[in-house]
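# What the coordinates show
The residues making up each chain are set out below.
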Amino acid sequence: MKKIFYTILLLVAFSSCQHYLDLKGNNSRAVPVQLDDLQALLNDAVRMNQERTPTMVENWSDDYFMLPGNFAALDDKGRRIYLWDILIYNHPNDWSNGYQPIYNANYCLEGLQKIGRNSENGETYDKVKGAALFYRSYYFQQLLWAFSPAYDAETASSELGIVLKEDTDFNTPSVRSSVQDGYYKVITDAEAALPLLPAVAAVSTQPSQAAVHGLLARAYLSMRLYEKAGYHASEALKLKSDLMDYNKTSDGVFLTRTQTFDRYNREVIFHSDMNSSQAAFYNGGRGGRVDSNLVLTYQDTDLRKQAFLRATQGYYQFKGSYSNSRFFSGIASDELYLIKAECLAREEKVVDAMQVLNHLLSYRFNRNSVFVPLTADSKAAALQIILLERRKTLLFRGLRLTDIKRLNKEGYQIIVTRKVDGQLYQLLPNDKRALVPIPTDLVSFIQ
C-alpha cells in the first residue's frame, strides 16, 4: 500500500501545483506497480468519482435563473458564466478536474503493459483494464459534452473536440481531435471494457457492464443514433432496473428532508458528481432558482415536485440530487428508462414507449391518489411528453445542455433566455457560445 499511497501523492501534488495538459514536465520517473496498487488507484472515489464532471454545462442551461440581488452578489466571473460570456478563467476548472481520472486511467493501462497478463492474474488484470477503459471513456464523453459542439454526422469530422490523451507523458503534444474521433474513442473504449467487467458492481463508484451500457446509451443518444441508444439502455436495464418508490422512506426517499435522497441509492448504476468550484447556478444555496415555467408542469400528486424542489421566498430551489449535498451526474436507472422510451417513440413504437415511461412515473406519483397513465396517439405527441418528463426527472444532472444542443440539431429551436436589469440575453439554437471555452491558462499549450 506504500506504493499506491506514493502514486496517489504524486498525482495529487502534481494536480495542486500544475494543470493537466499544460506545462510540459518530465514524466520519466518510474514508479513500480502491482495489480493491487492499480486497483486501489481506480477504487479511489475521491480522485475518480467525486466532483469530477463539468459544472459549466449546468451554468449554461435553462433550468434555472438568478434573482436580481443574487446576480448582483456574484463576482465578475460568476456573472459572465451566467451570461455565457466568460473570457478568462484558470485552474481549478472543469477541464482539469475531468482529466485527472483520465490520467489515472492511462497510468493504470500503462502499468498493465509492464505487468502482463497470465493465468494467475488474469481475472484481476481484466477487471483493472476494464475499469481503466471505462473511466477514460466516461470522462472523455463528459468533456465532449462540455467543450465540443453537438455531434452532427455532416460536420463531426471537421469540428474540433477535445484532447484524446491516451498516455501519461506530459511531453506529448496536446492536440484537439475532431468531434467524430472523440465519440469514436468513447465508444471503442467502452466496448473494449464491456466483457472485462462484472455485470453489476459491488459498489456504484466502480464500473460494471450495466454502467458501460448506460455510457453507450448516452453516447449514441448524443449522436442521435437512436436505435443503438435504445438497445444499450435496454441492455443496461436487463442488468439493473431498480427504481425507488418516492412514497417510501424504506426506499431511501425522505421528502421532508433538506436533502431528499441518500447518496448511492438503489437507482444509481455508476456514481459521479459535478465539480462545485464553478457552480454559479447554485452559488452556495443563495442563487439559482428553478425555472418557474418548469415548476408549473409538475402535478400536485407528482412527488418529484416535493422530492426535487424546496419553496424559497415565492420561488423554488433544487434539493433532489442523488448525490446528497453535491450534484449527481452519474448513470441511474431512471435516465435509462427515459432513453429507452424516447428511442422507442422515435422508432414509432408509441404504445411501447408510453408503457416504459408510465412504468417509471408510477414510482413517482402519490400512492394515495390514482395515477393516470399518460397517453399519446402519435410519434410527435409521444416525444413531446417524453422529452418534458426527461427534463422534469433529470434536473441538474449535467444533461440539459447536451439535450438542448442535440435537439436543436433536429430543429427544436430551444432558446435559453436570461433577463438582467431589464435587458434580455439569449443563447440561440446552435450558438457557438453553448460550447464551454477551454481554460485560459491552457489555450497556448493545446494545438
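Reference entry: report on the structure contained in this document. On a predicted model such as this, the values are computed, not experimentally measured, just so you know.

## Focus: the nonpolar core
- If you look at the biggest cluster of nonpolar residues, it comprises 100 residues, and the most contacted ones within it are Trp95, Phe134, Ile162 and Leu336.
- Ranked by residue count, the leading element in this core is helix H8 (residues 122-147), at 15 residues.
- Counting 31 residues, the second-largest nonpolar core is a separate cluster that includes Leu74, Tyr82, Leu255 and Val268.

## Here we look at unusual backbone geometry
- Following histidine 91, the chain continues to proline 92 via a peptide bond in cis, the omega torsion being 0°.
- Note that proline 92 resides in the loop between helix H6 (76-82) and helix H7 (94-115).
- In this model, glutamine 313 sits at a positive phi of 50°, which is unusual for a non-glycine residue.
- If you trace the backbone, glutamine 313 turns up in the loop between strand S6 (309-312) and strand S7 (315-318).
- Glutamine 313 sits in the exposed class, given a relative accessible area of 70%.

## A closer look at the environment of threonine 53
- Tracing the sequence through the fold places threonine 53 in the loop between helix H3 (45-48) and helix H4 (56-59).
- Measuring from C-alpha to C-alpha, the distance between threonine 53 and glutamine 142 comes to 6.3 Å, with 89 residues separating the pair along the chain.
- Non-local contacts of threonine 53, meaning those with residues more than four positions away in its chain, are made with Asp94, Tyr138, Tyr139, Gln142, Ser272, Asp273, Met274, Asn275 and Ser329.

Rules used in this analysis
- Residues numbered from 1 in each chain as written.
- Predicted model: local features only at pLDDT ≥ 70, side-chain atom pairs only at ≥ 80, totals over all residues.
- Heavy atoms only, no water.
- Core = buried A, V, L, I, M, F, W, Y, C linked by side-chain atoms within 4.5 Å.
- Buried < 20%, exposed > 50% of the residue type's maximum accessible area, 1.4 Å probe, protein only.
- Helix = DSSP H or I, 4+ residues; strand = E, 2+ residues; numbered from the N terminus.
- Contact = heavy atoms within 4.5 Å.

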